[in-house]
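One letter stands for each residue in the lines below.
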Amino acid sequence: MKKFAHFGAVLKEKKEGMNFLEAIGVWATNPDDDPNLIEWLYFEPDSPMKDTLVAKTGHIAYIVDEIDAKLEGVECCWGPMDVCPGVRIAFFTDELGVLTEYCQLG
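Every value quoted in this text rests on a predicted model; they were computed, and no experiment measured them. (Residues numbered from 1 in each chain as written. Predicted model: local features only at pLDDT ≥ 70, side-chain atom pairs only at ≥ 80, totals over all residues. Heavy atoms only, no water.)

Asks: Outline the nonpolar core, supporting the account with residue identities and numerical values.
Replies: The biggest cluster of nonpolar side chains holds 16 residues, and the ones touching the most others in it are I24, F43, M49 and F91. Apart from residues lying up to four places away in sequence, F43 is in contact with V10, G25, V26, M49, V54 and A55. Counting seven residues, the second largest nonpolar core, distinct from the first, contains Y62, I67, L71 and F92. (Core = buried A, V, L, I, M, F, W, Y, C linked by side-chain atoms within 4.5 Å. Buried < 20%, exposed > 50% of the residue type's maximum accessible area, 1.4 Å probe, protein only. Contact = heavy atoms within 4.5 Å.)

Next up, the structure:
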């Protein structure tokens, strides 16, 4: 299974309603709260992701059921890793050059 989840957009300042993901030093909104399914992101200056493509550009995200199997043979630019209990993510550039996130829940 692969289902569209959200579009991620990077901000230069924190936005009200963001939650802190301590494992990656990122503040994020819940895309389900946005009418356009946008996940707004703010990277702390000491985030381990601050110098990655993820922190510099937007991305498209999909929910997948078996992230490790879906990523077999794929070169990730970040992850896969557990960012909080029940959420495992990875970022890579797809065959068209689009920064893509796979997210496994549960």
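Asks: Any details on the sheet that holds strand β6 (residues 76-84)? Residues and values, ideally.
Replies: Read from one edge to the other, the open sheet built from eight strands follows the order β2-β3-β4-β1-β5-β8-β7-β6, with strand pairing classed as mixed. Each having just a single partner strand, β2 (19-21) and β6 make up the two edges of the open sheet. Neighbour to neighbour, the strand axes of the sheet diverge by 30 degrees on average, direction disregarded. (Pairing = 2+ DSSP bridges. Helix = DSSP H or I, 4+ residues; strand = E, 2+ residues; numbered from the N terminus. Axes fitted to C-alpha atoms, helices over the stretch in contact; angles between N-to-C directions.)

Asks: I'd love a proper account of the packing of aromatic side chains, names of residues and values included.
Replies: This structure, assessed with the given rule, holds four aromatic pairs. With centroids separated by 4.9 Å and ring planes inclined at 40 degrees, the aromatic side chains of F20 and W27 adopt a geometry described as tilted. When its relative accessible area of 22% is taken as the criterion, W27 is described as partly exposed. Sitting over the ring of Y62, K2 keeps its end group 4.6 Å from the ring centre. (Phe/Tyr/Trp six-rings, centres within 6.5 Å; stacked < 30°, edge-to-face > 60°. Lys NZ or Arg CZ within 6 Å of the ring centre and 35° of its normal.)

Asks: Break down the pattern of salt bridges for me, with residues and values.
Replies: Enumeration according to the criterion identifies four salt bridges in this entry. Two residues, K14 and E44, come together in a salt bridge whose shortest N-O distance is 3.7 Å. Placement of K14 in the loop between β1 (2-10) and β2 and of E44 in the loop between β4 (38-43) and β5 (59-64) is noted, with a sequence separation of 30 residues between them. Here D82 and R88 are joined by a salt bridge, their closest N and O atoms 3.4 Å apart. One connected set of salt bridges, linked through shared partners, spans D68, D82 and R88. (Salt bridge = Lys/Arg side-chain N within 4 Å of Asp/Glu carboxyl O.)

Asks: I'd like a description of the pairing of β4, backed by residues and values.
Replies: Most of β4 is tucked away, with five of its six residues classed as buried. The pairing of β1 with β4 spans four bridges and is parallel. Residue pairing for β4: F7 is matched across the bridge by I38. Both strand β3 (residues 26-28) and β4 contribute to a ladder of three bridges, which runs antiparallel. What sits directly across from V26, in β4, is F43.

Asks: An account of unusual backbone geometry is requested, with residue identities and associated values reported.
Replies: The peptide bond linking G79 to P80 adopts the cis configuration, its omega dihedral lying at 5 degrees. Topologically, P80 is positioned in strand β6. At L37, a residue that is not glycine, the phi angle is positive and equals roughly 55 degrees. You can see L37 is positioned in the loop between β3 and β4.

Asks: I'd like a description of the layout of surface pockets, backed by residues and values.
Replies: In this structure, the largest pocket occupies an estimated 590 Å³ of space. Lining the largest pocket are 29 residues, with H6, P31, E39, V87 and C103 sitting closest to its centre. Contributions of two or more residues to the lining of the largest pocket are made by β1, β2, β3, β4, β5, β6, β7 (87-93) and β8 (99-105). At four residues, the largest contribution of residues to the lining of the largest pocket is made by β1. Each pocket or cavity is described by its volume, and for the second largest pocket that value is around 160 Å³. Along its surface, the second largest pocket is lined by K2, I60, Y62, K70, V74, F92, T93, D94, E95, V98, T100 and Y102. Sorting the residues of the lining of the second largest pocket by element identifies β5, β7 and β8 as the ones contributing at least two each. (1 Å grid on protein atoms, 1.4 Å probe; cavity = no way out; pocket = protein on both sides within 12 Å on 5 of 7 lines; lining within 4 Å. Points joined across faces, edges and corners; volume = space filled by probe spheres on them.)

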